[in-house]
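Each chain, letter by letter, is given below.
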Amino acid sequence: MASLSDPGGSVDNPHSGQDSLLMDITSNGPPSPESSDCSFKLDRVVPFIPEEIFFTITNKVPDDDGNFNILCPDEEYRYFPFCADFGPPNLAATYRFCKQISSIIHQEAGHHSEDDTSSSECAAHRRPLLVYTRPCRAFATNAAFLLSAYMVMERG
């Protein structure tokens, strides 16, 4: 087996061919927010926690028609790379994201509990949270990480 410093040799890598993103990052630098990946199914809203949190990847800002609370982590929780990496966001940003989601969900629950007498009526009128991101691999990966961290940190 050749060493990594041997340019003519091959290195046994169990992950070779599986991670084209790594190749893109190492050869082209970190992905830019403007770059998009056509392999994403755009505008498909996926329930993350049914009736509470939904996730989508889209090129356009969702309309605020009153059906959802809307949150985009792309800029507020943006990761600033050290080299050719793209995340995940640091622990402070992850913590702030988790607390923001909890605040939105609890605020929505508290807002309707004062107005409604029945808990089933209250649940029916709550606006779920829609977390959206742009179709950039770095943003989509970091948004998925932040939502997963929320599940671990806030929901156990």
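Please refer to the structure higher up on the page.
Just so it is clear, the structure is predicted and the values come from calculations on it, not from any experiment.

What should I look at first to understand the nonpolar core in this one?
If you look at soluble globular proteins, the nonpolar side chains tend to sit buried side by side. Counting 20 residues, the largest nonpolar core has Ile53, Phe97, Ile101, Leu129, Val131, Leu147 and Tyr150 as its most contacted members. Mapped by element, the contributors of at least two residues to this core are strand E2 (53-57), helix H3 (91-115), strand E4 (129-133) and helix H5 (137-155). Look past the residues within four positions of Tyr150 in its chain and what remains in contact with it is Ile49, Ile53, Cys98, Ile101, Ser102, Ile105 and Arg155.

Honestly, unusual backbone geometry in this entry has me stumped. Any pointers?
Across residues other than glycine, the phi torsion is negative in most instances, and most of the peptide bonds are trans. Cis geometry is found at the peptide bond from Gly87 to Pro88, where omega equals 5°. The phi dihedral of Glu51 is positive, around 70°, even though this residue is not glycine. Within the secondary structure layout, Glu51 lies in the loop between strand E1 (46-49) and E2.

Definitions and limits used
- Residues numbered from 1 in each chain as written.
- Predicted model: local features only at pLDDT ≥ 70, side-chain atom pairs only at ≥ 80, totals over all residues.
- Heavy atoms only, no water.
- Core = buried A, V, L, I, M, F, W, Y, C linked by side-chain atoms within 4.5 Å.
- Buried < 20%, exposed > 50% of the residue type's maximum accessible area, 1.4 Å probe, protein only.
- Helix = DSSP H or I, 4+ residues; strand = E, 2+ residues; numbered from the N terminus.
- Contact = heavy atoms within 4.5 Å.

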